[in-house]
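# Secondary and tertiary structure notes
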Amino acid sequence: MGKYIYEDVKDFNLDHIFDCGQCFRWSRQEDGSYTGTAMGKAVNMSLKSVSEGQRLDLVVDNCTEDDFKQIWGGYLDLDRDYGYIKRTLTESDQVMAKAVEGGQGIRILRQELWETMISFIISQNNNIPRIKGCIEKLTQLFGEPAGEYGGREYFNIPSPEVMAGLSAEDLAPCRLGYRAPYLVETARQVMEKG
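Cut-offs applied
Residues numbered from 1 in each chain as written. Predicted model: local features only at pLDDT ≥ 70, side-chain atom pairs only at ≥ 80, totals over all residues. Heavy atoms only, no water. 1 Å grid on protein atoms, 1.4 Å probe; cavity = no way out; pocket = protein on both sides within 12 Å on 5 of 7 lines; lining within 4 Å. Points joined across faces, edges and corners; volume = space filled by probe spheres on them. Helix = DSSP H or I, 4+ residues; strand = E, 2+ residues; numbered from the N terminus. Nonpolar A, V, L, I, M, F, W, Y, C, P; charged D, E, K, R; others polar. Expected span 1.5 Å × (residues − 1). Buried < 20%, exposed > 50% of the residue type's maximum accessible area, 1.4 Å probe, protein only. Arc of directions from axis to C-beta. Contact = heavy atoms within 4.5 Å. Polar contact = N/O pair within 3.5 Å; in protein donor to acceptor, adjacent residues only side chain to side chain. Pairing = 2+ DSSP bridges. Axes fitted to C-alpha atoms, helices over the stretch in contact; angles between N-to-C directions. Core = buried A, V, L, I, M, F, W, Y, C linked by side-chain atoms within 4.5 Å.

Moving on, we come to the layout of surface pockets. Considering only enclosed or pocket space, the largest pocket measures out at about 180 Å³ in volume. Taken together, Tyr82, Ile85, Lys86, Leu89, Met96, Ala99, Val100, Gly103, Gln104, Ile106 and Ile108 form the lining of the largest pocket. Of all elements in the fold, only helix H3 (82–90) and helix H4 (94–102) reach the threshold of two or more residues within the lining of the largest pocket. By residue number, the principal contributor to the lining of the largest pocket is H3, which donates four residues. A breakdown of the residues in the lining of the largest pocket according to their chemical character gives eight nonpolar, two polar and one charged.

If you want it as C-alpha cells, here you go:
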C-alpha cells in the first residue's frame, strides 16, 4: 500500500491532536510522525513542509486515496474550517484566545462510538500512558487484526459481541482494575439495547 498526501492542511498539529487525551491508539515516532489505528486500518501520519514552509502537507502512509476519502478525511474532520471557529471563539474572549493559542492545531476526531465509549470508561481516574497501555493490551488479547505498519501488527478494539462474552476475570491481564466489570456491562447493554 502506498502513501496519500493531503495538500495544504490548515489548523493541524499532530502532537495537539494525538496527545491531547481525546484518543489513545496513536504513538509518536522518533521522526515526529504518529502511527496508530482507527476504523479498522493501521497508518502512519506525518507533516511535510513544502515551499519553504509556506504550505504544510499531511502524509498518510499505508493508505490509498479511497481509504483517505472514506476514512481519514472524515476521521480528522478536514472538511471543517477550524480557522473560522477559532476566530469566532476568540473575538471577544481573552481566556478563550489564550486556550486557542495553546492548542491551535487540535482537531476534534470523529472516532467510532464504540471505541470512544471503551476509551472513556478506561480513562476514568487514570493517566494517558496507562490508558494507552490498557487499551493496547485489550486490543492485542481480544481484538481482530487491523493491519500492519512498520513490521508491527495492530488490532481493533474488541467488538461489543466479544466484550459481552467476557468476564472481569478474563480482562485481568489488561490491568483495568475496577473498570473491567463496567466494560463488560456496557458491552452487554449495547448488545441488548443497541
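Further remarks concern helix H6 (residues 128–142). The periodicity of an α-helix, 3.6 residues per turn, causes residues three or four positions apart to be oriented the same way. Along its 15 residues, H6 runs 21 Å from first to last C-alpha, staying within 8% of the 21 Å computed at 1.5 Å per residue. Of all the residues in H6, the buried ones are Ile131, Lys132, Cys134, Ile135, Leu138 and Thr139. Here the buried residues of H6 occupy an arc of 165° about the axis, which is enough to place them on one side. Residues of H6 that are buried make contact with helix H1 (14–18), strand E2 (26–28), helix H5 (113–123), strand E7 (152–155) and helix H7 (160–164). The backbone nitrogen of Arg130 has a side-chain oxygen 2.9 Å away, supplied by the residue at the start of H6, namely Asn127.

Ordered in space as E1-E5-E4-E3-E2, the five strands form an open sheet in which the pairing is antiparallel. Each end of this open sheet is capped by a strand with a single partner; those strands are strand E1 (3–6) and E2. Neighbour-to-neighbour, the strand axes of this sheet turn through a mean angle of 25°, independent of strand direction. Looking at chain direction, E1 and strand E5 (residues 55–61) are connected through four bridges and run antiparallel. If you follow Tyr4 over to E5, its bridge partner there is Val60.

Here is a general trend for soluble globular proteins: nonpolar side chains tend to be buried in one another's company. With 22 residues, the main nonpolar core has Phe18, Trp26, Met45, Leu58, Trp72 and Leu76 as its most contacted residues. Contributions of two or more residues to this core are made by H1, strand E3 (34–38), strand E4 (41–50), E5 and helix H2 (65–75). Ranked by residues supplied to this core, first place goes to H2 with four residues. With sequence-adjacent residues up to four places away left out, Trp72 is seen in contact with Trp26, Ala38, Lys41, Val43, Met45, Val60, Cys63 and Asp67. Ile122, Leu138, Met163 and Leu176 belong to the second largest nonpolar core, which has 20 residues in total.

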